[in-house]
Amino acid sequence: MSFKYVKFFNEIGIDDVAKVGGKNASLGEMYQVLSHEGVKVPNGFAITADAYNYIFTFNDIWKSLHVELDNIDPDDVDELQKRGKRCRELVYNCVLPDDLKSEILKGFEVLRDEYGEQISLAVRSSATAEDSPEASFAGQNDTYLNISSDDELLDAYKRCLSSNFTDRSIHYKFDNGFDYLKVYLSVCVMKMVRSDKSSSGVMFSIDTESGFNDVVFINGAYGLGENIVQGTIDPDSFYVHKPTFVSGHRAVLKRRLGKKHLKMVFNDEINKDNIAVEFTKNIPVDENEQKKFCITDADVMVLADYAIKIENHYSKQAKHHKPMDMEWAKDGDDQEIYIVQARPETVESKNRGLFYETYILKDRSKVLLEGRAVGRKVASGRVRKIVDASKLNEFKAGEVLVADTTTPDWEPIMKIAAAIITNKGGRTCHAAIISRELGIPAIVGAENATEILSDGDEVTISCAEGENGYVYEGALEFAVEKTDLQTLEKTQTKIMMNLGNPDLAFSLSSLPVDGIGLARMEFIINEYIKIHPMALIHPEKLDTKTQHEINNIIGRDIDPQEYFIQRLSEGVATIASSVYPKPCVVRMSDFKTNEYAVLLGGSAFELSESNPMIGFRGASRYAHPAYEEGFGLECKAMKRVRDEMGFTNIILMIPFCRRVQEGKDVIKTMAKYGLVQGENGLEVYVMCEIPNNVILIDEFSEVFDGFSIGSNDLTQLTLGVDRDSEIVAFDYDERDTGVLKMIEMAVSGAKRNGRHSGICGQAPSDYPEMAEFLVNLGIDSISLNPDSIIKTAQTIIAMEKSKKF
């Protein structure tokens, strides 16, 4: 069956954008090509752009539309609203030609024959300029869901055509340089995926904040996906690492539980004229359901598989890497997951340079609010709260927009805002998407922002501190450092990075490093887990109040010990993923007893020590009865990261190992819990931070595969200075001749035994002369704090050029 104005998905592809618009062309492309690879796409058809032109010509409205739009000033809100309304009325009042109407209804019959009489439809706009590399057209035109009758379909079609002239759509065309009357609308008619009975969301084949290419980022919530787009709820989020997934490892890299307090479903209420009051409505989600993820890990793997296949296909078509932005829905009837849209990711596509830009706050003040950071910038300005669209004309350029949520109608003022703050939403809501396109910082999901902030308040918005964004009181001074990575030469000495916070990993992934020289477990345990590992193994030793607090944190759906293993493994894997397949040296936990004690439940397992800095810490704990089981959980987490998640680039490192026999005991204990040195390429380094490590470096070399000099503790123990004591701080100096001699002995000893030598202390970050000293020694690697990598690398390059060593 062939039609003139209706084309089924199996008849169209990516080359048909001019005919059927970006959305339809992409759906057709995936339906034809990727369905055979297991990517599920519901069937449907496109009502072509020729039909749009046919209707306008048949009803003779082109001239009237030109009168309204030829001289319009989109920045004049009143004029935009009046003229847009007249345009929409012209279109909606058009009569559909009989031959076109017949084709649309016959197309519906074909879908009924395929899916059954009970089928309902999604009717969606598809602009002919949609999903271009420069503009997404996301949310600019209307969508109608759960359409089930012929009359509803025809009415929804006309409403979609009218939406080409909404205020937001007119302004969006103006902003992106499109002719108002040359962007034709095609309309997509497809089987409705009943996500109202399950869950839905959006995903990207790239990290949307940092541009980190090696992950799939997935957002999801219960019910229809509009809540995520509108920012009405805080969704669940998941990351999957593409390279290890492709190599056969199926695991979630990182996850975050959203609140998901509302679920959007279809509205069955009708008025006296037998017409639905609203197509959809929100219903509350049970508290127990809110505490669960909306999809399973198996579902996440299906979505990651779809995303990788879709990105690969479109990249092959484009002959260059093409990150994709996709919408997905899980059908509550058949429990299958479907892709309902795929388009190019439009922000990263604009990032054509290889510049590394760093925003640095030079001061701090009172934190007024925090939420989810969008972007990595800092901005300041005066607050302007907008409670509804009627107040949009009050907004002035350079102000900070504060609102409950935003919608496409708000875009004219969003483009002149210094920053955006919303009460609700996740990193794929409307406010987040548009702020990325505009290149301005936004903080979404900052609960009670509209109550805490007042009009005229001067604030600073920082999105430069990881995944959390902060609103500071007052206008704080900040700097922007920009480095052209294309001009930065490679050093002969390996430059590594110190990192403990997984939230910073993706944003730092573009730094020119040879790996992670020190990944600290302590931050992950303190911030992600919050509970002493022994408290999860022996809850019977805890009081009732502490047990209750722990149960509230971990929930009912996961074993307490598995909670620790999952959280720690995902935190470490996130750090390792940022440099994969380059090495990532992960130090096993090095809390002191006083630091362990402040973890939830910790006081039941930790003794009070007068000098914990040289007390029960590091290697001495690992094989000791008081902590061995807790170390066992650390080992199981690291085994999961390497063996199940595929991060064999991880090298493990033992801190504060006082004696050779202690090192042997630790290696034996690690093997007991599944981490066998040499198995699956596992290397185990030791921190060289105690004078005995240097004196007996030949003997320690028989136990460990490499050494990482901890200049902080080595200086403390060589000079006999408590580095936490203010009164003797003047005697603490890593550049002391004795300390330098110890470092020299360590590097030469490692070389003599064919072992790796590196340094991960603070010294080379703080003192350029220390970096020069290390390079002259021929140390294998220098691990630096992120903020000093580029500056120190430039120093080392200059040294290497001048042949100072």
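Everything here concerns the structure above.
Model, not experiment: these values are computed from the prediction.

(A) Quick look at the overall build of the chain. Each helix and strand in the chain was counted, giving 29 helices and 30 strands. In terms of C-alpha radius of gyration, the chain reaches 30 Å, essentially the compact-globule figure of 28 Å for 805 residues. Taken across its 805 residues, the chain has 57% of its residues classed as buried. Here the chain displays about 32800 Å² of accessible surface, and carbon together with sulfur accounts for 48% of that area. Separation between the mean location of the 91 positive side-chain charges and that of the 125 negative ones in the chain comes to 1 Å.

(B) Summary view of the sheet that holds strand β12 (residues 324-330). Strand order in this open sheet of six strands is β9-β8-β7-β6-β12-β13, and the pairing throughout is antiparallel. On the outer flanks of this sheet lie β9 (254-256) and β13 (337-344), each paired with one strand and no other. With strand direction ignored, the average angle separating the axes of adjacent strands in the sheet is 15°. Pairing analysis gives six bridges linking strand β7 (residues 215-222) to strand β8 (residues 236-241), with the strands arranged antiparallel. Residue pairing across strands places Val215 opposite His241, the latter belonging to β8.

(C) Looking closely at the packing of aromatic side chains. Under the criterion given, the structure shown has 19 aromatic pairs. Ring plane angle 50° and centroid distance 5.3 Å describe the contact between Phe238 and Phe293, whose orientation is recorded as tilted. Highlighted residues: Phe238 in strand β8 and Phe293 in the loop between α10 (287-290) and α11 (297-318), separated in sequence by 55 residues. Judged by relative accessible area, Phe238 falls into the buried class, the value being 0%. Judged by its relative accessible area of 28%, Phe293 falls in the partly exposed class. Plain terms: the ring middles of Tyr470 and Tyr472 are 6.3 Å apart, the flat faces sit at 40° to each other, and that makes the pair tilted. Taken individually, Tyr470 and Tyr472 each receive the classification buried, so the pair is uniform in this respect. One aromatic cluster is present, built from ring pairs that chain together Tyr52, Phe56, Trp62 and Tyr184.

(D) Inspection of the packing of helix α25 (residues 711-719) against helix α26 (residues 737-752) at higher detail. Taken N-terminus to C-terminus, the directions of α25 and α26 make an angle of 120°; their axes are 10 Å apart at the nearest point. Here α25 lies oblique to α26, going by the angle between them. For α25 against α26, the interelement crossing comes out right-handed. Note on element contacts: α26 touches α25 through Gly738, Val739, Met742 and Ile743, opposite Leu714, Thr715, Thr718 and Leu719. In terms of residue class, the contact of α25 with α26 is made up of five nonpolar, three polar and no charged.

(E) Quick look at unusual backbone geometry. Here the residue pair Tyr580 and Pro581 is connected by a cis peptide bond, since its omega of 5° sits within 30 degrees of zero. Mapped onto the elements of the fold, Pro581 is located in the loop between α18 (560-577) and β25 (584-587). Of note, Lys260 is a non-glycine position whose phi angle comes to about 50°, a positive value. As for its placement among the helices and strands, Lys260 is situated in the loop between β9 and β10 (262-266). Residue classification places Lys260 among the buried positions, given a relative accessible area of 0%.

(F) Fine view of helix α21 (residues 628-644). The first and last C-alpha atoms of α21 sit 23 Å apart over 17 residues, in line with the 24 Å expected at 1.5 Å per residue. Of the residues one or two after α21, Gly646 is the one with positive phi, at around 90°.

(G) How the structure looks around the packing of helix α4 (residues 77-92) against helix α7 (residues 167-175). Running from amino to carboxyl end, α4 crosses α7 at an angle of 110°, the nearest separation of the two axes being 9 Å. On the basis of the axis angle, α4 is roughly perpendicular to α7. Residue-level inspection shows Leu80, Gln81, Gly84 and Arg88 of α4 in contact with α7, the latter providing Asp167, Ile170 and His171. Residue classes in the contact of α4 with α7 are distributed as two nonpolar, three polar and two charged.

Conventions used here
Residues numbered from 1 in each chain as written. Predicted model: local features only at pLDDT ≥ 70, side-chain atom pairs only at ≥ 80, totals over all residues. Heavy atoms only, no water. Helix = DSSP H or I, 4+ residues; strand = E, 2+ residues; numbered from the N terminus. Rg over C-alpha atoms; globule rule 2.2 N^0.38 Å. Buried < 20%, exposed > 50% of the residue type's maximum accessible area, 1.4 Å probe, protein only. Areas by Shrake-Rupley, 256 points an atom, 1.4 Å probe, with all protein chains shown as cover. Lys, Arg positive; Asp, Glu negative; His and termini not counted. Charge placed at Lys NZ, Arg CZ, Asp CG, Glu CD. Pairing = 2+ DSSP bridges. Axes fitted to C-alpha atoms, helices over the stretch in contact; angles between N-to-C directions. Phe/Tyr/Trp six-rings, centres within 6.5 Å; stacked < 30°, edge-to-face > 60°. Parallel < 35°, antiparallel > 145°, perpendicular 65-115°, else oblique. Left-handed = near helix turned anticlockwise from the far one by under 90°. Contact = heavy atoms within 4.5 Å. Nonpolar A, V, L, I, M, F, W, Y, C, P; charged D, E, K, R; others polar. Expected span 1.5 Å × (residues − 1).

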